[in-house]
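Residue-level structural notes
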Amino acid sequence: MSKLFVDDIVEKTSNHGVQIPGHVVQYVSRDFVMNQGTFTAASDTAMTGVYVDITPKSASNKLVWYTQIICTNNNDTAYGNFNVYNHTTTTQWSTGYNASFGYTTGSNSANQWIEVPILAVNTAGTTSAMRLMLYVYTSAGTNNFGWSNSSTRTVQVMEIAQ
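Rules used in this analysis
Residues numbered from 1 in each chain as written. Predicted model: local features only at pLDDT ≥ 70, side-chain atom pairs only at ≥ 80, totals over all residues. Heavy atoms only, no water. Helix = DSSP H or I, 4+ residues; strand = E, 2+ residues; numbered from the N terminus. Rg over C-alpha atoms; globule rule 2.2 N^0.38 Å. Buried < 20%, exposed > 50% of the residue type's maximum accessible area, 1.4 Å probe, protein only. Contact = heavy atoms within 4.5 Å. Areas by Shrake-Rupley, 256 points an atom, 1.4 Å probe, with all protein chains shown as cover. Lys, Arg positive; Asp, Glu negative; His and termini not counted. Charge placed at Lys NZ, Arg CZ, Asp CG, Glu CD. Pairing = 2+ DSSP bridges. Phe/Tyr/Trp six-rings, centres within 6.5 Å; stacked < 30°, edge-to-face > 60°. Lys NZ or Arg CZ within 6 Å of the ring centre and 35° of its normal.

Some remarks on the overall build of the chain
Counting its secondary structure elements, the chain contains zero helices and 11 strands. Across the chain, helices and strands are ordered from the amino to the carboxyl terminus as β-β-β-β-β-β-β-β-β-β-β. Compactness check: the chain gives a C-alpha radius of gyration of 19 Å against a globular reference of 15 Å for 162 residues, more than 25% above the reference. Taking the principal axes of the C-alpha coordinates as reference, the chain spans close to 65 × 35 × 30 Å. Per-residue burial over the chain gives 38% buried out of 162 residues. Counted over contacts in the chain with a minimum sequence separation of 6, partners at least 24 positions apart contribute 83%. Total accessible area computed for the chain in this model is approximately 8,900 Å², and 49% of it derives from carbon and sulfur atoms. The averaged location of the 9 negative side-chain charges in the chain is 5 Å from the averaged location of its 7 positive side-chain charges.

Here you go:
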């Protein structure tokens, strides 16, 4: 078996980068405060404070988007669904819903706060700047994201070489 020892890997053409499949190409994060308001619409609605901006290095790379959010609904038979949109083009970026909460019929848990992890993975599909933003769907009642004016969370995205 041969071994290859190198001190530097230098790209042949400037700004093309060296991509090794499976490795993180870039990581971007943004903090937001957990006072995102209330939502009642039975359609996907932008949570305008929960986003991260990224310009993918390659359209074929995977983007892994993640955050956690604290929420509640005032109706035991209601729920909320989350998905991620490319807010720059107002198109759904993720497939289906990436997380859900609520629908606790009979448990008397309406208005109880829970923390929901939200993960979306998709091919970048572009090398243009993107604002990947969380959207929420409310089935009934009111989804509340007003946990705290001082509690912060982080939304993050990793670009993985393919």
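Alright, that's what it looks like, and here's the rest.
What about the pairing of strand 9 (residues 130-138)?
Of all nine residues that make up strand 9, eight are buried, and the element is covered over most of its length. Pairing of strand 3 (residues 45-54) with strand 9, which is carried by six bridges, proceeds in the antiparallel orientation. Across the sheet, Ile54 pairs through a bridge with Met130, a residue of strand 9. Pairing analysis gives seven bridges linking strand 5 (residues 79-86) to strand 9, with the strands arranged antiparallel. Residue pairing across strands places Asn83 opposite Tyr135, the latter belonging to strand 9.

Considering the packing of aromatic side chains
If you walk through the whole model with that rule in mind, you get eight aromatic pairs. A centroid spacing of 5.3 Å and a plane angle of 70° characterise the contact between Trp113 and Trp147, whose relative ring orientation is edge-to-face. Here Trp113 is found in the loop between strand 7 (99-102) and strand 8 (114-123), whereas its partner Trp147 is found in the loop between strand 10 (143-144) and strand 11 (152-160), with 34 residues between them in sequence. On the accessibility criterion, Trp147 (40% relative accessible area) is partly exposed. Three or more aromatic residues link up through ring pairs in this structure, and these residues are Phe39, Phe82, Phe101 and Phe145. The ring centre of Tyr51 lies 3.8 Å from the NZ or CZ of Arg30, which sits over that ring. In this structure, Arg131 is placed above the aromatic ring of Tyr51, and the distance from its NZ or CZ to the ring centre is 3.9 Å.

Focus on the side chain of Asn86
Summarising the element assignment, Asn86 is placed in strand 5. Look at Asn86 and you get buried, because its relative accessible area is 8%. When sequence neighbours within four positions are dropped, the list of residues in contact with Asn86 reads Thr91, Trp93, Met130, Arg131 and Leu132.

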